[in-house]
Amino acid sequence: MSTNLLSTSAATGFGGVVQEYLWNWENQQLRVVYETLGKGSPLLLLPSFSSVSTRLEVGELAKLLAPNFQVVAIDWPGFGESSRPSLNYRPEIYQHFLEDFVKAIFNTPITVVAAGHASSYVLQLAVKQAVFSKIVLLAPTWRGPLPTMGASQQIAGMVRELVRSPILGQALYKLNTTPSFLSLMYRRHVFTDAGKITPSFIEKKWQTTQQPGARFASAAFVTGNLDAVHEQSDFLELVQSLTVPLMVVVGESSPPKSREEMNALVALPGVRSVVIPGSLGLHEEYPGVVLEAVQDFLFSSEN
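About the thresholds
- Residues numbered from 1 in each chain as written.
- Predicted model: local features only at pLDDT ≥ 70, side-chain atom pairs only at ≥ 80, totals over all residues.
- Heavy atoms only, no water.
- Helix = DSSP H or I, 4+ residues; strand = E, 2+ residues; numbered from the N terminus.
- Core = buried A, V, L, I, M, F, W, Y, C linked by side-chain atoms within 4.5 Å.
- Buried < 20%, exposed > 50% of the residue type's maximum accessible area, 1.4 Å probe, protein only.
- Contact = heavy atoms within 4.5 Å.
- Salt bridge = Lys/Arg side-chain N within 4 Å of Asp/Glu carboxyl O.
- 1 Å grid on protein atoms, 1.4 Å probe; cavity = no way out; pocket = protein on both sides within 12 Å on 5 of 7 lines; lining within 4 Å.
- Points joined across faces, edges and corners; volume = space filled by probe spheres on them.
- Nonpolar A, V, L, I, M, F, W, Y, C, P; charged D, E, K, R; others polar.

Let us look at unusual backbone geometry. The backbone of N27 shows a phi angle near 65 degrees, a positive value even though the residue is not glycine. Position of N27 among the secondary structure elements: in the loop between β2 (17–25) and β3 (28–37). Not every positive phi belongs to a glycine, and A139 is a case in point at roughly 45 degrees. With respect to the secondary-structure elements, A139 resides in the loop between β7 (132–138) and α4 (145–148).

Here we come to the nonpolar core. With 81 residues, the main nonpolar core has L44, L45, L46, W76, Y94 and F132 as its most contacted residues. Every residue in contact with L46, bar those within four places of it in the chain, is listed here: I74, W76, L98, V112, V113, A114, A115, A118 and V122.

Turning to the pattern of salt bridges, a few remarks are in order. Following the criterion strictly, the structure yields 11 salt bridges and no others. The salt bridge involving E35 is made with R55; its shortest N-O contact spans 2.7 Å. With E35 in strand β3 and R55 in the loop between β4 (41–46) and α1 (59–65), this pair connects stretches of sequence that are 20 residues apart. Between E261 and R143 there is a salt bridge; the shortest N-O distance is 3.1 Å. With E261 in helix α11 (residues 256–266) and R143 in the loop between β7 and α4, the pair connects residues that are 118 residues apart, well separated along the chain. Residue classification places E261 among the buried positions, given a relative accessible area of 15%.

This brings us to the layout of surface pockets. Considered as a void within the structure, the second largest pocket measures approximately 720 Å³ in volume. Lining of the second largest pocket is provided by 31 residues; of these, T54, L56, E57, K204 and K205 occupy positions nearest its centre. Among the elements of the structure, α1, α8 (199–209) and α12 (282–285) are those that each provide at least two residues to the lining of the second largest pocket. Here the residues of the lining of the second largest pocket sort into eight nonpolar, 11 polar and 12 charged.

Glancing now at the environment of S253. Assignment of secondary structure puts S253 in the loop between β8 (246–251) and α11. Using a relative accessible area of 40% as the deciding quantity, one classes S253 as partly exposed. Separated by 63 residues in sequence, S253 and V190 have C-alpha atoms that sit 9.2 Å apart. Aside from chain neighbours lying at most four places away, what touches S253 is T192, G278 and S279.

Right, here's the structure in full:
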């Protein structure tokens, strides 16, 4: 495993130093792109999983944090500018990747800010090893879209295999990543201000869905194959097992089922929380509000 510097022409970022981390999984080398901005104590910034997941969704938040932290933001394996091979994407891949990446890049316990589905992976690693000093979860989720809608594991598995298939899979994936469909999804449960869902914004999101191999990890997320836990009790047990400070940021317009799960989380003893405008994409839609909500927690020396 090694890290290499990428030229600015080779990657599109948010103004930081773009590097690649070469990571081996089951005898296959994956190229994971990450970006570093700012100086100060290290802070790992993890985007949510989604069909349009890239580190750019946390780019504005990274720039706001950079005056006080050395911010490292990643493109998860299978997403963004990272390698997108046709793996059977499942929790083990991301559990091992996150553990290996943190060990390779940081040499002291760090602050981590994780959005959406990245939350479970952060909590699992935090319970396993003392690698984080503080945790902030932004609109945390643990269950993928199809299971949230009530699809059984059998149905979700059938959909996943269909999308993975060579010809029909490509056609199905294209239908579910058209600009009009992406716009609909953003309006329904990602952003709350429709004025921000411009044609150029959606065009950029669409472009990331059209990269070679993009459908494999996306299908895994949508069908629940990236769910690191499968029961609310397991998710809450992870939080109860933490020994580091935790803060949760909830979007006041979150979808009802997701909001119920977040409410159960913030009701636990010792969990600090705040409700701000936004939905599941609050970290991208309202980065300034997010920073304002968490800065006292981030800068506090209390444990």
